[in-house]
Amino acid sequence: MMKFSLVEFSIRRPKWVLLLAGLLTLLFLTQFPKIRTDTNPKHMLPDTSDVRVWNDEVDKTFTLYEDTIVVGVENDAGVLNRETLVRIARITDKILALPGVASRDVNGFTTITNVTAEAGTLKVGPLMPGAPQSQAEVETLRGALFGNPLLVDRVISKDGKTTAIYVPLEKGANGAEIANKIHAIVAAEKGPERYYIAGDPVARDTFGAEMFKLMGIFSPIAGMIMFIAIQLMFRNLVLSIAMMAVAMAAIIWSMGLLIGVGFPVHIMSSMAPVFLMAIATDSIHIFNEFYFRYREKRNKLAAIRETMQAVSRPVRYTALATAAGFAVLLFMNIVPVKVFGGLIAFGTVVLRLFSFSLIPAILTFVKEEKIAKAAEHESVELDRSARLLRGIGKIGTDRPLAIALVGVVLMAVAIAGATKIHVNNNLVAWFKDSSEIRVADTAMNHALGGTSLGYLVAQSKEPEFMKRPEAMRWLEGLQRHLEGMPVVGKTFSVADYVKRINRVLHDDDSKFDVVPETRDTVGQYLFLFGMSAKPSDLDNVIDPGFQKANLWVQLKTWDAEAMRQVIRAADAYRQAHPLAVTVKPAGIAYFNLVWNDEVLGDMVLGLSLALALVFVILALAFRSAKWALVGYVPLLFTILLIYGVVGFAGKDFDMPLSVLSTLSLGMAVDFAIHFVGRFRQRLAKTDGGGSEAAVREALLWTAARPGKGILRNALLFAAAFSVMLFAPLTPYIAVGAFIVAMMLLSALLTILYLPALVMLGRNWLIDEPKPTAAIAAAHAKGD
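Please read these numbers as outputs of a predicted model, since none were measured by experiment.

The rules behind the values
- Think of each chain on its own: its residues are numbered from 1, step by step along the sequence as written.
- Note on the predicted model: pLDDT of at least 70 is required for a residue's local features to be given, and 80 or more for side-chain atom pairs to be given and counted; whole-chain, interface and lining totals, by contrast, use all residues.
- Side-chain measures here rest on the full set of heavy atoms in the structure, leaving out hydrogens and waters.
- Side-chain rings of Phe, Tyr and Trp (the six-membered ring for Trp) are treated as a pair once their centres are within 6.5 Å; stacked means planes under 30 degrees apart, edge-to-face means over 60, and tilted covers the remaining angles.
- Each helix is a run of DSSP H or I of at least 4 residues and each strand a run of E of at least 2, with the numbering of both proceeding from the N terminus.
- Relative accessibility decides the category of a residue: with a 1.4 Å probe and only protein chains considered, values under 20% of the type maximum give buried, values over 50% give exposed, and everything between is partly exposed.
- Sitting over a ring, as applied to charges here, requires NZ of Lys or CZ of Arg to be within 6 Å of the ring centre and within 35 degrees of the ring normal.
- Note on method: axes are straight lines fitted to C-alpha atoms, helices fitted across the in-contact stretch only, with angles between N-to-C directions ranging 0 to 180 degrees.
- In this scheme, roughly parallel covers angles under 35 degrees and roughly antiparallel covers those over 145, while 65 to 115 is roughly perpendicular and the rest are oblique.
- In this description, contact between two residues means that some pair of their heavy atoms is separated by no more than 4.5 Å.
- In this analysis, strands are considered paired if DSSP registers two or more bridges between them.
- By this rule the span expected of a helix is its residue count minus one, scaled by 1.5 Å.
- Think of the arc as the fan of directions from the helix axis to the C-beta atoms.
- Under the scheme applied here, ten amino acids are nonpolar (Ala, Val, Leu, Ile, Met, Phe, Trp, Tyr, Cys and Pro), four are charged (Asp, Glu, Lys and Arg), and all others, including Gly, are polar.
- Cavities and pockets are found on a 1 Å grid laid over the protein atoms alone: a cavity is a set of points where a 1.4 Å probe fits but cannot escape, a pocket is an open set with protein on both sides within 12 Å along at least five of seven lines, and a lining residue has an atom within 4 Å of such a point.
- Grid points are joined across faces, edges and corners, and a volume is the space filled by probe spheres set on the points.
- Take the buried Ala, Val, Leu, Ile, Met, Phe, Trp, Tyr and Cys residues and link them wherever side-chain atoms come within 4.5 Å; each set so joined is a nonpolar core.

Student: Could you give me a rundown of the packing of aromatic side chains, with the residues and numbers involved?
Tutor: On inspection of all chains with the given rule, the structure shows 16 aromatic pairs. On the numbers, 6.1 Å between centres and 75 degrees between planes, the contact of tryptophan 430 with tryptophan 595 is edge-to-face. Residue tryptophan 430 is found in the loop between strand E6 (422-423) and helix H17 (436-447), and its partner tryptophan 595 is found in helix H23 (residues 588-622); the two are separated by 165 residues along the sequence. Here tryptophan 430 falls in the buried class, since its relative accessible area comes to 4%. Here arginine 154 stacks its cationic end above the ring of phenylalanine 492, 4.5 Å away from the centre of that ring. The ring of phenylalanine 546 carries lysine 467 above its face, with NZ or CZ at 4.5 Å from the centroid.

The structure is reproduced here in structure tokens:
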């Protein structure tokens with residue numbers, strides 16, 4: 001039976017290959033209208049994860065809202081004047097009418113509950129039922145605000161210049177859309193006030209909208225840059241179109257599959273088109289070798305066959321390494337990371353399928369006279385870039401020990417820098433400092449309690465335990481303990497209500513601003529308050545059985561470390577003040593902490609798996625553990641150098657960068673596979689066997705000829721990702737900078753350090769006798 005060859009079939013039946021590829025591409029393209037995005041941090045972890053189950057339980061127990069927008073109003077002259085208060089009342093009324101807003105629980109001057117007493121009777125009602133009509137009413141409002149600790153740093157700043165309206169959203173409401181409507185409401189107001197719109201749903205849904213736009217903008221721009229670069233490199237329009245067609249088809253297949261099986265587009269998968277476009281540049285090695293082969297053979301079909309024979313093994317194993325690097329992500333805990341890993345692994349396999357089918361088929365349509373004209377300069381002796389690469393390789397072959405020692409020193413410094421890396425996922429920090437979201441968040445955190453919210457749930461096994469005065473005092477003590485921390489801006493619990501009621505029922509005497517002495521009194525106060533206030537006022541801080549109390553903690557930052565500090569402080573307080581209660585964190589700030597730790601765990605797991613997997617793939621590709629070890633060094637060197645720079649620069653590692661730390665191994669290893677594979681092919685065909693002169697000449701040939709493909713690959717890869725440097729979102733900028741640096745540095749170190757390492761380990765790596773004819777033939781064929 002004849003052995004089937006995909007390359008041969010594609011050369012003989014190119015029209016069939018193009019037709020089939022086109023039909024399948026159209027099929028995947030039909031799925032695109034179903035696209036949807038998801039940037040909800042909750043969905044980063046499976047819905048069965050402990051933190052999601054617990055947070056859902058807490059939300060249900062205390063009737064909490066998942067999302068809240070914070071609208072800030074700032075006036076340098078103070079917000080407590082009639083004109084500003086009229087605007088605040090008007091803005092609040094319009095916000096209450098917005099679809100998706102939980103209007104019954106909006107908290108601002110006109111809606112927040114104020115606890116007072118009149119003739120010895122508890123009075124609970126809105127703080128400011130309407131805008132003050134006189135200066136006397138303004139002063140009365142001022143007294144009510146600053147005389148109530150529950151309101152200071154919550155709805156009024158200590159300096160009286162800033163107030164906030166807390167806008168909870170109904171489940172499923174789009175935070176960015178509601179924020180835009182609020183923007184329109186405040187924009188219609190005239191006056192000296194400044195308005196800020198902050199909160200997790202605003203950042204999250206705005207990020208999603210920006211992400212969707214960037215996916216639509218950056219992919220075409222990256223494609224255009226790559227097309228221009230390819231055209232400058234090969235001076236052949238058909239070949240340039242061929243590479244772009246291969247990349248676009250792979251993107252359509254991959255994104256079509258993602259959308260078709262029902263997955264939403266997350267932050268990671270939104271970057272997939274640029275990743276796939278860049279990975280497609282590995283095909284540059286085929287075109288690079290094809291031009292060299294055609295210049296030698298002057299026969300198009302023979303050049304195609306010999307090219308595919310020469311590069312087939314490196315191309316197969318680079319594809320395997322890249323796909324494996326991304327497939328490692330399937331073992332991670334972060335859901336979008338898993339999806340992204342599977343998506344790019346599939347796309348990489350598609351690209352390699354195209355390398356052995358679509359590309360050979362397209363090459364058959366290129367006119368030979370155009371190939372001949374473009375291939376004139378594809379000569380190791382004549383081409384300037386080839387001579388430059390040979391010169392870089394010569395530094396490695398002539399001064400191997402010096403190069404190796406410099407590398408050791410740089411690696412030691414890089415390791416020191418890498419130890420300074422800090423993993424932190426701060427959704428608000430994913431926007432630039434000058435963005436409206438960052439400006440609003442900074443202003444609100446500076447003036448008030450903070451926009452990041454966490455909970456501490458104190459619970460006892462004893463029914464109605466939280467009615468005990470000692471339990472209330474314990475909660476109050478925990479609040480004071482937490483409020484001494486720089487990251488905590490404001491705390492709030494059921495104890496605050498109890499103290500406030502006790503005070504107002506004793507003629508607002510400050511000495512009664514304490515927890516009452518008896519359990520019955522506490523119970524009566526809570527009963528009276530529950531009968532008069534909005535249901536959510538009490539429900540948000542205590543459960544119906546009075547066994548669980550919910551302590552609200554407003555944080556000044558969205559950094560995950562802030563909630564960790566709160567948890568540690570609560571644990572320390574509990575140890576110093578023992579009580580028959582347990583304390584468990586909850587809320588979005590706690591979720592961000594858990595998610596952050598999962599990212600760190602995934603990074604360590606992913607790196608470990610990738611390191612092992614890449615070594616195995618190198619050993620399989622080279623059929624030698626020794627050569628695998630040599631090929632390992634440049635990519636490890638590259639990663640360590642970049643990590644060191646990131647560490648010394650103080651840049652936080654967020655989720656995208658953490659994922660890239662794993663993927664970078666799978667991508668950077670491609671150059672080593674091409675270099676070592678082609679070097680061994682070349683050496684096997686020389687007459688000098690493993691002599692020093694023969695090894696040096698083979699290394700210089702590899703640096704100049706396959707090295708040119710490596711350089712082109714790196715430049716195209718970097719060009720594709722360079723568009724991300726101009727993104728308005730910092731994760732895209734960081735990813736772009738990381739990939740550009742990694743590819744260029746990896747290419748340079750491959751061409752410089754592999755020759756040096758081979759020369760140093762020549763006697764260990766290469767047998768002195770000339771290889772047998774069978775081995776030489778096998779290497780020549782790329783087996």
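Still to come is the rest of the account.
Student: Residue-level account of the packing of helix H22 (residues 560-576) against H23, with values.
Tutor: For any two helices packed against each other, the geometry is given by the interaxial angle and the distance between the axes. With their axes 8 Å apart at the nearest point, H22 and H23 run at an angle of 110 degrees to one another. By the angle between their axes, H22 is roughly perpendicular relative to H23. Where H22 approaches H23, its residues Ala560, Met563, Arg564 and Ile567 are matched on the opposing element by Ala589, Tyr590, Asn592, Leu593, Asn596 and Asp597.

Student: Pulling in residues and values, what's your account of the sheet that holds strand E4 (residues 162-168)?
Tutor: Taken in spatial order, the three strands line up as E4-E1-E5 in an open sheet, and their pairing is antiparallel. One side of each edge strand has no neighbouring strand; the edge strands of this open sheet are E4 and strand E5 (194-198). Sheet twist, expressed as the average angle between the axes of neighbouring strands with direction ignored, equals 20 degrees. Strand direction decides the pairing type here: strand E1 (residues 68-74) and E4, joined by seven bridges, are antiparallel. Across the sheet, valine 71 pairs through a bridge with isoleucine 165, a residue of E4. Taken strand by strand, helix H6 (residues 175-187) contacts E1 and E5, and its axis lies near 20 degrees from that of E1. This element, helix H7 (residues 200-234), spans E1 and E5 of the sheet and lies at about 110 degrees to E1.

Student: How would you explain helix H15 (residues 384-398) if you had to name every residue and give the values?
Tutor: The terminal C-alpha atoms of H15 lie 21 Å apart, and with 15 residues this matches the ideal 21 Å at 1.5 Å per residue to within 8%. Where H15 is concerned, the buried positions are Ala386, Leu389, Ile392, Gly393, Gly396 and Thr397. Each buried residue of H15 sits inside an arc of 145 degrees when the element is viewed along its axis, so together they form one side. Residues Arg384 and Leu388 are exposed on H15 and point more than 90 degrees away from its buried face. Contact partners of the buried residues in H15: helix H16 (400-418), helix H26 (692-704), helix H27 (706-722) and helix H28 (730-760).

Student: Lay out the sheet that holds strand E9 (residues 548-555) in plain terms, naming residues and giving numbers.
Tutor: The four strands are arranged E8-E9-E7-E10 in an open sheet whose pairing can be described as antiparallel. Only two strands of the sheet have a single neighbouring strand rather than two, namely strand E8 (488-492) and strand E10 (582-586). Each adjacent strand pair in this sheet contributes to an overall mean axis angle of 25 degrees, direction not counted. Contacts from helix H18 (residues 469-483) reach strand E7 (452-459), E8, E9 and E10, with the element oriented near 170 degrees to E8. Along the sheet, H23 contacts E7, E9 and E10; its crossing angle with E7, the most-contacted strand, is approximately 95 degrees.

Student: Give a detailed account of the packing of helix H19 (residues 494-504) against helix H20 (residues 519-532), specifying residues and quantitative values.
Tutor: Following both chains from N to C, one finds H19 and H20 inclined at 95 degrees, their axes separated by 10 Å at the closest point. One finds that H19 runs roughly perpendicular with respect to H20. Every residue of H20 that contacts H19 at Val494, Tyr497, Val498, Ile501 and Asn502 is listed here: Val522, Tyr525, Leu526 and Phe529. Looking at the contact of H19 with H20 residue by residue, the class counts come to eight nonpolar, one polar and no charged.

Student: For empty space enclosed by the protein, give the residues involved together with the corresponding values.
Tutor: Summary: where empty space remains is shown by rolling a probe the size of a single water molecule over the atoms. Counted under the stated rule, the structure contains seven cavities of 30 Å³ or more. The volume enclosed by the largest cavity comes to roughly 690 Å³. If you go around the largest cavity, you meet 36 residues; those closest to its centre are Tyr65, Thr68, Leu453, Tyr455 and Trp552. Going through the elements one at a time, helix H3 (50-61), E1, E4, H7, E7, helix H21 (535-539), E9 and H23 are the ones with two or more residues in the lining of the largest cavity. Its residues assigned to classes, the lining of the largest cavity comprises 14 nonpolar, twelve polar and ten charged.

Student: Pulling in residues and values, what's your account of the nonpolar core?
Tutor: Counting 235 residues, the largest nonpolar core has Leu456 and Phe721 as its most contacted members. With 16 residues, the top contributor of residues to this core is H28. Beyond its immediate chain neighbours, meaning those up to four positions away, phenylalanine 721 contacts Val274, Phe275, Ala278, Val735, Gly736, Ile739 and Val740. With 28 residues, the next largest nonpolar core counts Ile88, Leu145, Ala164 and Ala198 among its residues.

Student: Could you give an account of helix H2 (residues 14-29), naming the residues involved and the relevant values?
Tutor: The terminal C-alpha atoms of H2, which comprises 16 residues, lie 22 Å apart, in line with the 22 Å expected from a rise of 1.5 Å per residue. Within H2 the residues assigned to the buried category are Pro14, Val17, Ala21, Thr25 and Phe28. For H2, the arc enclosing every buried residue in end-on projection is 60 degrees, short of the 170-degree limit, so these residues lie on one face. Opposite the buried face of H2, at more than 90 degrees from it, the exposed residues are Lys15, Trp16, Leu20, Leu23, Leu26 and Leu27. For H2, the elements touching its buried residues are helix H1 (6-12), helix H8 (237-260) and helix H13 (358-363).

Student: Could you give me a rundown of the environment of isoleucine 279, with the residues and numbers involved?
Tutor: For isoleucine 279, the position within the fold is in helix H9 (residues 272-279). The spacing of isoleucine 279 and tryptophan 595 is 316 residues in sequence and 29 Å in space, taken between C-alpha atoms. Setting aside chain neighbours within four positions, we find isoleucine 279 in contact with Thr322, Phe326, Ile344, Thr348, Leu351, Arg352 and Phe717.

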